[in-house]
Amino acid sequence: ASRRRLEEKEISRLEAVAARYHAWGVKNPAFHKRQKATETRIARLEATKTKAHVPRARRLEIPDNTLEARVVLRVSGLDLMAPGAERKLLAIDNLAVAAGDRVALLGPNGAGKTTLLTTLAGAFVPGAHYDRSAPIRFNPGARLAYFDQLMSGLPLDSSLIDYLQAIPGIVERDAIRQLAQAGFDFRRTREPIAVLSSGERARLLFLRLKLEAPNLYVLDEPTSHLDIEGQEALESQLDESDAACLLVSHDRWFTRAVATRFLEIQRGRLVEVDSPEPFFESQTA
């Protein structure tokens with residue numbers, strides 16, 4: 001069983017590598033050869049995986065309507081209306097997001113991307129069990145982290161160190177160390193968040209999200225205020241975790257590098273597409 005877990009972990013790592021090569025291959029076809037080699041290695045590992053017996057767990061409680069273990073979010077029969085209007089923006093018949101899925105939402109401005117993310121974040125209740133008739137259903141074990149491009153949730157009057165110490169289990173020493181590793185000078189740890197630049201606020205917010213260890217990220221234009229170093233750190237943070245993610249970004253490079261699934265809004269419907277390139281080309285045209 002231990003060997004099987006290690007093999008599964010290696011396969012997941014290689015799948016992420018192959019996804020990166022696929023994204024990079026858009027600009028440099030030489031990466032397609034590496035992608036094929038990585039996929040061949042994945043197939044070989046899949047074919048020779050160690051077989052492990054998993055005993056069936058006894059459940060003494062009455063079965064309830066909890067979602068499948070790896071499905072973090074289900075959306076079905078959801079109609080999104082334009083804010084402050086009676087116009088329907090988007091209809092979602094059925095959408096499932098599993099652990100490890102990094103889903104990029106594609107669509108022109110005004111199509112409803114931000115409205116969808118805001119609606120999902122607003123519907124989340126930690127630890128709740130959702131009725132199957134609910135249009136938005138989170139796994140009871142879901143831990144959601146929401147980033148909106150205005151960073152409206154930041155307590156501007158709070159100090160940097162107090163902001164991190166609000167996380168359960170984070171003491172002053174931990175907060176100072178984490179802030180230092182994120183590039184904040186010790187002398188600034190007692191300053192209010194209000195004095196930070198937009199880029200520094202984004203860096204602080206993502207540090208907080210990382211320490212909270214979410215398994216579902218909802219990100220609206222997460223790279224708008226980040227420099228290249230910050231964008232690379234965010235890519236690594238998402239790539240190295242098994243967290244699910246729904247994101248909207250105008251940064252094409254970031255979208256290609258991070259996303260493993262692409263959903264495009266077409267005529268008020270969500271349509272899964274194999275690649276973002278046709279949409280990007282239509283926007284350029």
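All of the points below concern the structure found in this document. (Residues numbered from 1 in each chain as written. Predicted model: local features only at pLDDT ≥ 70, side-chain atom pairs only at ≥ 80, totals over all residues. Heavy atoms only, no water.)

## As for the overall build of the protein chain
Thought 1: Counting its secondary structure elements, the protein chain contains nine helices and nine strands.
Thought 2: In terms of its C-alpha atoms, the protein chain occupies a principal-axis envelope of roughly 55 × 55 × 50 Å.
Thought 3: Burial analysis of the protein chain (285 residues in total) assigns 44% to the buried set.
Thought 4: A fraction of 66% describes how many contacts in the protein chain between residues 6 or more apart in sequence connect residues 24 or more apart.
Thought 5: Looking at the protein chain, you have 40 positive and 38 negative side-chain charges, and the mean spots of the two groups are 6 Å apart. (Helix = DSSP H or I, 4+ residues; strand = E, 2+ residues; numbered from the N terminus. Buried < 20%, exposed > 50% of the residue type's maximum accessible area, 1.4 Å probe, protein only. Contact = heavy atoms within 4.5 Å. Lys, Arg positive; Asp, Glu negative; His and termini not counted. Charge placed at Lys NZ, Arg CZ, Asp CG, Glu CD.)

## Describing the side chain of T189
Thought 1: With respect to the helices and strands, the residue T189 is situated in the loop between α5 (172-181) and α6 (198-211).
Thought 2: A distance of 2.8 Å separates a polar side-chain atom of T189 from the backbone oxygen of F186.
Thought 3: Discounting chain neighbours no more than four positions away, the residues touching T189 are S159, L160, I161 and L179. (Polar contact = N/O pair within 3.5 Å; in protein donor to acceptor, adjacent residues only side chain to side chain.)

## A few points about the environment of D251
Thought 1: Mapped onto the secondary structure, D251 falls in the loop between β7 (244-248) and α8 (252-258).
Thought 2: Spatially, the C-alpha atom of D251 lies 27 Å from that of N94, the residues being 157 residues apart in sequence.
Thought 3: With sequence-adjacent residues up to four places away left out, D251 is seen in contact with T223 and Q231.
Thought 4: A distance of 3.0 Å separates a polar atom in the side chain of D251 from the backbone nitrogen of F254.

## With respect to the packing of helix α1 (residues 2-24) against helix α2 (residues 30-47)
Helix packing geometry: the angle between the two helix axes and the distance between the axes.
Thought 1: For the pair α1 and α2, interaxial distance at closest approach is 8 Å and the crossing angle is 160 degrees. As far as their axial angle goes, α2 and α1 are roughly antiparallel. The way α1 lies across α2 gives a crossing that is left-handed. For the pair formed by α1 and α2, the contact residues are E10, I11, R13, L14, E15, V17, A18, Y21, H22 and W24 on the first element and F31, H32, R34, Q35, T38, E39, R41, I42, L45 and E46 on the second. (Axes fitted to C-alpha atoms, helices over the stretch in contact; angles between N-to-C directions. Parallel < 35°, antiparallel > 145°, perpendicular 65-115°, else oblique. Left-handed = near helix turned anticlockwise from the far one by under 90°.)

## Topic: the pattern of salt bridges
Thought 1: Under the defined criterion, the tally for this structure stands at 16 salt bridges.
Thought 2: Linking R177 and D174 is a salt bridge whose minimum nitrogen-to-oxygen distance equals 3.4 Å. Of this pair, R177 and D174 both sit in helix α5, separated by three residues, roughly a single helical turn.
Thought 3: Judged by its relative accessible area of 16%, D174 falls in the buried class. (Salt bridge = Lys/Arg side-chain N within 4 Å of Asp/Glu carboxyl O.)

## Quick notes on helix α9 (residues 277-284)
Thought 1: Along α9, the residues classified as buried are E277, F279 and F280. On an axial view of α9, the arc spanned by its buried residues comes to 160 degrees, and they lie on one face. Residues of α9 that are exposed and point over 90 degrees away from its buried face: P278 and E281.
Thought 2: Lining the buried residues of α9 we find β3 (102-106), α8 and β8 (261-266). (Arc of directions from axis to C-beta.)

## Digging into α6
Thought 1: Its 14 residues place the ends of α6 20 Å apart at the C-alpha level, agreeing with the 20 Å of an ideal helix rising 1.5 Å per residue.
Thought 2: Residues of α6 that are buried include every one of E200, A202, L204, L205, F206, L207, R208 and L209, and no others.
Thought 3: As for α6, its buried residues are in contact with β5 (144-147), α4 (160-165), α5, β6 (216-220) and α7 (228-239).
Thought 4: Two residues or fewer past α6, A213 is found with a positive phi of approximately 50 degrees. (Expected span 1.5 Å × (residues − 1).)

Geometric descriptors of this kind do not, in isolation, establish any biological role.
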